[in-house]
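Residue-level structure breakdown
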Amino acid sequence: MGFDAEVVRKAAESGFETRGTVLPDWIDYNGHMNVAYYLVAFDTGLDFFVDVLKFDAEARKRTQMTTMTLEGHIQYLGELMEGQPYRLQNQLYDYDSKRMHVAQTMYGINEDGSEFLSATMEWMSLSVSLETRRSAPFREEVLEAFAAVWDVHKDWEKPAWVSRSIGLPPGKSLVRP
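To start, this report covers the structure provided alongside it. Fair warning: this is a prediction, and the values are worked out from it, not measured in the lab. (Residues numbered from 1 in each chain as written. Predicted model: local features only at pLDDT ≥ 70, side-chain atom pairs only at ≥ 80, totals over all residues. Heavy atoms only, no water.)

1. Observations concerning the packing of aromatic side chains
- This structure, assessed with the given rule, holds six aromatic pairs.
- When the ring of Trp-26 is compared with that of Tyr-37, the centres are 5.4 Å apart and the planes differ by 10°; the resulting orientation is stacked. Linking Trp-26 in the loop between strand S1 (18–21) and helix H2 (35–52) with Tyr-37 in helix H2, this pair joins segments that are eleven residues apart in sequence.
- Seen in terms of ring centroids, Tyr-38 and Tyr-76 are 5.1 Å apart; in terms of plane orientation they differ by 85°. Their pairing is edge-to-face. Of this pair, Tyr-38 sits in helix H2 while Tyr-76 sits in strand S2 (residues 65–76), and the two are 38 residues apart along the sequence.
- Looking at Tyr-76, the relative accessible area reads 41%, which means it is partly exposed.
- Here a set of aromatic residues connected by ring pairs shows up, and it is made of Phe-55, Tyr-95, Phe-138 and Phe-146. (Phe/Tyr/Trp six-rings, centres within 6.5 Å; stacked < 30°, edge-to-face > 60°. Helix = DSSP H or I, 4+ residues; strand = E, 2+ residues; numbered from the N terminus. Buried < 20%, exposed > 50% of the residue type's maximum accessible area, 1.4 Å probe, protein only.)

Right, here's the structure in full:
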């Protein structure tokens, strides 16, 4: 086992929580956090998730295995402004021998300490051999780490936005029937 089961369990209980602050360079012409930097923040949170599982840079180099994103979906629900703190959580929603499905939530933190849902991110990532650049099964210790996380996350509520598609409501399009 390449991971510390107690560290993984505690991190899983917190949703692999990370915190950050909106940087000045992240602000766009609308005066709020640019869409690209939501992805940067979410990706950093996903990196923390896999690093705790010991699927970190050292393991990737040693094993020549990594993950690559197959699909991602972000919902922007509340503005974040320059200097505003935020909190990210990760939920292992599902996994199989080659893929992991992770749901993330980002909460903006107001000056009074109250929070609001700012954005959500859903990832489908694939286990890839860096030698062949093709999909390959996760290493056994990664699957064991996923199982430890799943033991905590299996009873978490399914976010309503997971696995939904994007599109206009039926009958609202001006150009499609």
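2. Comments concerning unusual backbone geometry
- Positive phi outside glycine occurs at Lys-54, with the angle close to 65°.
- Within the secondary structure, Lys-54 sits in the loop between H2 and helix H3 (57–63).
- One non-glycine residue, Arg-133, adopts positive backbone phi at about 60°.
- Tracing the backbone shows Arg-133 in the loop between strand S5 (115–129) and strand S6 (134–135).

3. As for the environment of Val-152
- Summarising the element assignment, Val-152 is placed in helix H4 (residues 140–153).
- For Val-152, a relative accessible area of 17% translates into the label buried.
- In sequence terms Val-152 and Tyr-95 are 57 residues apart; their C-alpha atoms lie 14 Å from each other.
- Sequence-distant contacts of Val-152, that is, excluding residues within four places in its chain, are made with Arg-9, Ala-12 and Glu-13. (Contact = heavy atoms within 4.5 Å.)

4. A few points about the pattern of salt bridges
- Taken as a whole, this structure holds ten salt bridges when the rule is applied.
- Close ionic contact of Arg-87 with Glu-17 constitutes a salt bridge, the shortest N to O distance being 3.3 Å. Residue Arg-87 is found in strand S3 (residues 85–95), and its partner Glu-17 is found in the loop between helix H1 (5–13) and S1; the two are separated by 70 residues along the sequence.
- A single network of salt bridges, built from pairs that share partners, joins Glu-6, Arg-9, Lys-10 and Glu-13. (Salt bridge = Lys/Arg side-chain N within 4 Å of Asp/Glu carboxyl O.)

5. Thoughts on H1
- Along H1, the residues that are buried comprise Val-8, Ala-11 and Ala-12. With its buried residues spanning 100° around the axis, H1 presents them on a single face.
- Of the surrounding secondary structure, the elements contacted by the buried residues of H1 are H2 and H4.
- A positive phi of about 75° marks Gly-15, the residue just after H1. (Arc of directions from axis to C-beta.)

6. Considerations on the pairing of strand S4 (residues 99–109)
- Burial analysis of S4 places nine of its eleven residues in the buried class, the great majority of the element.
- Here S3 hands over to S4 after three residues, the two strands then running antiparallel side by side.
- In the sheet, S4 pairs with S5 via eleven bridges, with the strands oriented antiparallel. Note that in S5 the partner of Arg-99 across the bridge is Leu-126.
- Two successive antiparallel strands, S4 and S5, enclose a turn made up of five residues, where Gly-113 displays a positive phi of approximately 90°. (Pairing = 2+ DSSP bridges.)

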